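If you want the building blocks of each chain, they are given just below.
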Amino acid sequence: MRKQTVRDIEIERQRVLVRVDFNVPLDEEGVILDDLRIRSALPTIEYLREQRAKVILCAHLGRPKGKIVESLRLAPIARRLAELQDAPVASAPDCIGAEVEAAVAALGEGEVLLLENLRFHPEEEANDHAFARQLAALADLYVNDAFGVAHRAHASTEGVARLLPAVAGLLMEKETEYLDRIIAEPERPLGAIIGGAKIADKLGVLRTLLAKTDVLIIGGGMANTFLKAQGHAVGDSLVEDGQLEAARALIDEAAQRSVRLLLPIDVVVADRFAADARHKTVPVDQVPDGWRILDVGERSVATYSEALRSCRTVVWNGPLGVAEFPQFARGSATLARFLAGLDAVTIVGGGETAAMVRETGLAERFDHISTGGGAFLEYLEGRELPGIAALRDG
Ligand code: ADP
Ligand code: MG
């Protein structure tokens, strides 16, 4: 990312509109389950407060689809942020309009105001120009620190960046620096682990990684389609029959490029899709009829670890199994423990993958856990993200 950051422009005492990614998981009672995204925004907010800026944060939460949804108000997030930064955070009742303008006018130097959920307005996702202008009118400068939404051209990520001097925040900078270490000139050998549910979601990234990696490991539900493409029976496992050709093409390309492509050699099969299903580990050519693959087996993880042992850079997206169910999280947890002890730059991305790694308690031993899901994959694919493209060139 060759873009200016908050360090490159004069910020002192300015009104700064900051797009942050506070889209955190909540339980039914609205309790925040994981505040990684709020914590990750702290360095930029602290930097701006030190500069005596008036900090106006804007964010979205969930999918209110252009309407006010009481359970998706940002007040609980403002409270958590206030705890984390140990200073008050004011909340605005909306993100545009007279009351918001008054709240901004009342804001002192070094103080923080959090605007209400941007997606209560349909104009946000429509990247409506008039709406972007109302946001822009609140501030002198714009900072985008919301890496997780940088792949969306919305009013608060793209539209407003065209209307104010616009730079990247420190989280945006850190996220792209780590991903540039994979797509630009990685320290080799470079290993990638791609799991998760579907090939269809990750075809782009798989193709890009094939051209860059030395070792490419495939796990999770998507491995089933590769196994089927190789002629194995996969019982009732999740399979994408429409992607069998794509899987074969990837296997061929890996061979041509001398990329070590590793598929599972043993798998944990279950008699149904449930946390307490009956299960057993079998070699990939012995999946019984009526059973389904829900995790990779121990021998698979051992071969993955062996192949990754010499890698200097490793990137991981997508759990190796149905990690939401503890008994099918073992493959992922075992690999996470191995990577935590590996002397390499280790980068993890994707909502479920990041949650799973945090669950193991080993997050601190990874170099970078991305706050991005879709944005992480698109950046890794080498695509230009509209929320980054709109910022000032560095
Ligand atoms: P991320 O959010 O980290 O990008 P994905 O959304 O791609 O990850 O993949 C996570 C999903 O993949 C989880 O819901 C998990 O249950 C599913 N998954 C992983 N392995 C399997 C499998 N063998 N069968 C079915 N679903 C699987
Ligand atoms: Mg996901």
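My aim in this report is to walk through the structure given alongside it, one point at a time. (Residues numbered from 1 in each chain as written. Chains lettered and ligands numbered in written order. Predicted model: local features only at pLDDT ≥ 70, side-chain atom pairs only at ≥ 80, totals over all residues. Heavy atoms only, no water.)

## Some thoughts on the sheet that holds strand β11 (residues 279-283)
The sheet built from three strands is open, its strands ordered β11-β10-β12 with antiparallel pairing. The open sheet has two free edges, formed respectively by β11 and β12 (292-296), since each of these has just one partner strand. Within the sheet, the average angular offset between the axes of one strand and its neighbour, ignoring direction, is 40°. Pairing between strand β10 (residues 266-270) and β12: four bridges, direction antiparallel. Opposite V267, over in β12, you have V296 as the bridge partner. (Pairing = 2+ DSSP bridges. Helix = DSSP H or I, 4+ residues; strand = E, 2+ residues; numbered from the N terminus. Axes fitted to C-alpha atoms, helices over the stretch in contact; angles between N-to-C directions.)

## Regarding the packing of aromatic side chains
Per the counting criterion, the structure on display carries three aromatic pairs. Seen from their ring centres, F147 and Y379 are 6.3 Å apart, and the 65° between their planes marks the pair as edge-to-face. Separated by 232 residues along the polypeptide, F147 in the loop between β5 (141-144) and α7 (155-159) and Y379 in helix α15 (residues 374-380) bring together distant segments of the chain. Pairwise contacts between aromatic rings join F273, F325 and F328 into one cluster. (Phe/Tyr/Trp six-rings, centres within 6.5 Å; stacked < 30°, edge-to-face > 60°.)

## Some details on the site of ligand 1
Among the 18 residues in the neighbourhood of ligand 1, the closest are listed as K202, G221, E324, E352 and T353. A distance of 2.5 Å separates an oxygen atom of ligand 1 from a polar atom in the side chain of K202. Surface burial for ligand 1 is 85%, taken as the share of its 580 Å² of free accessible area covered by protein chains. Elements represented by at least two residues in the shell around ligand 1 include exactly β12 and α14 (351-359). (Near = heavy atom within 4 Å. Polar contact = N/O pair within 3.5 Å; in protein donor to acceptor, adjacent residues only side chain to side chain. Areas by Shrake-Rupley, 256 points an atom, 1.4 Å probe, with all protein chains shown as cover.)

## Remarks on helix α12 (residues 298-308)
Among the residues of α12, those classed as buried are S300, V301, Y304, S305, A307 and L308. Seen from one end, α12 has its buried residues packed into an arc of 165°, which puts them on one side. (Buried < 20%, exposed > 50% of the residue type's maximum accessible area, 1.4 Å probe, protein only. Arc of directions from axis to C-beta.)

## With respect to the pattern of salt bridges
Once their charged atoms are close, side chains differing in charge can pair, the charge on each being opposite to the other. Summed over the entire model, instances satisfying the criterion amount to 27 salt bridges. As a salt-bridge pair, D241 and K228 come within 2.8 Å of each other at their nearest N and O atoms. Placement of D241 in the loop between α10 (222-229) and α11 (244-256) and of K228 in helix α10 is noted, with a sequence separation of 13 residues between them. By relative accessible area, D241 is classed as partly exposed at 48%. Owing to a relative accessible area of 33%, K228 belongs among the partly exposed residues under this scheme. Sharing partners across several salt bridges, the network here consists of D35, R39, R80 and E83. (Salt bridge = Lys/Arg side-chain N within 4 Å of Asp/Glu carboxyl O.)

## Regarding the packing of α12 against helix α13 (residues 330-340)
Two elements in contact, α12 and α13, have axes whose closest approach is 10 Å; the angle formed by their N-to-C orientations is 25°. Here α12 is positioned roughly parallel relative to α13, judged by the angle of their axes. As α12 runs across α13, the sense of the crossing is right-handed. Where α12 abuts α13, its residues V301, Y304, S305 and L308 lie against G331, T334, L335, F338 and L339. Per-class residue counts for the contact of α12 with α13 are six nonpolar, three polar and no charged. (Parallel < 35°, antiparallel > 145°, perpendicular 65-115°, else oblique. Left-handed = near helix turned anticlockwise from the far one by under 90°. Contact = heavy atoms within 4.5 Å. Nonpolar A, V, L, I, M, F, W, Y, C, P; charged D, E, K, R; others polar.)

## Describing the sheet that holds strand β1 (residues 15-19)
Ordered by their spatial adjacency, six strands build an open sheet running β3-β4-β2-β1-β5-β6, and the pairing between neighbours is parallel. Two strands bound the open sheet, and with one partner strand each, they are β3 (90-91) and β6 (166-168). Here β3 runs beside strand β4 (residues 112-114); their pairing, made up of two bridges, is parallel. The residue of β4 that forms the bridge with A90 is L113. Of the strands in this sheet, β1, β2 (54-58), β4 and β5 are in contact with helix α2 (residues 42-50), which crosses β2 at around 155°.

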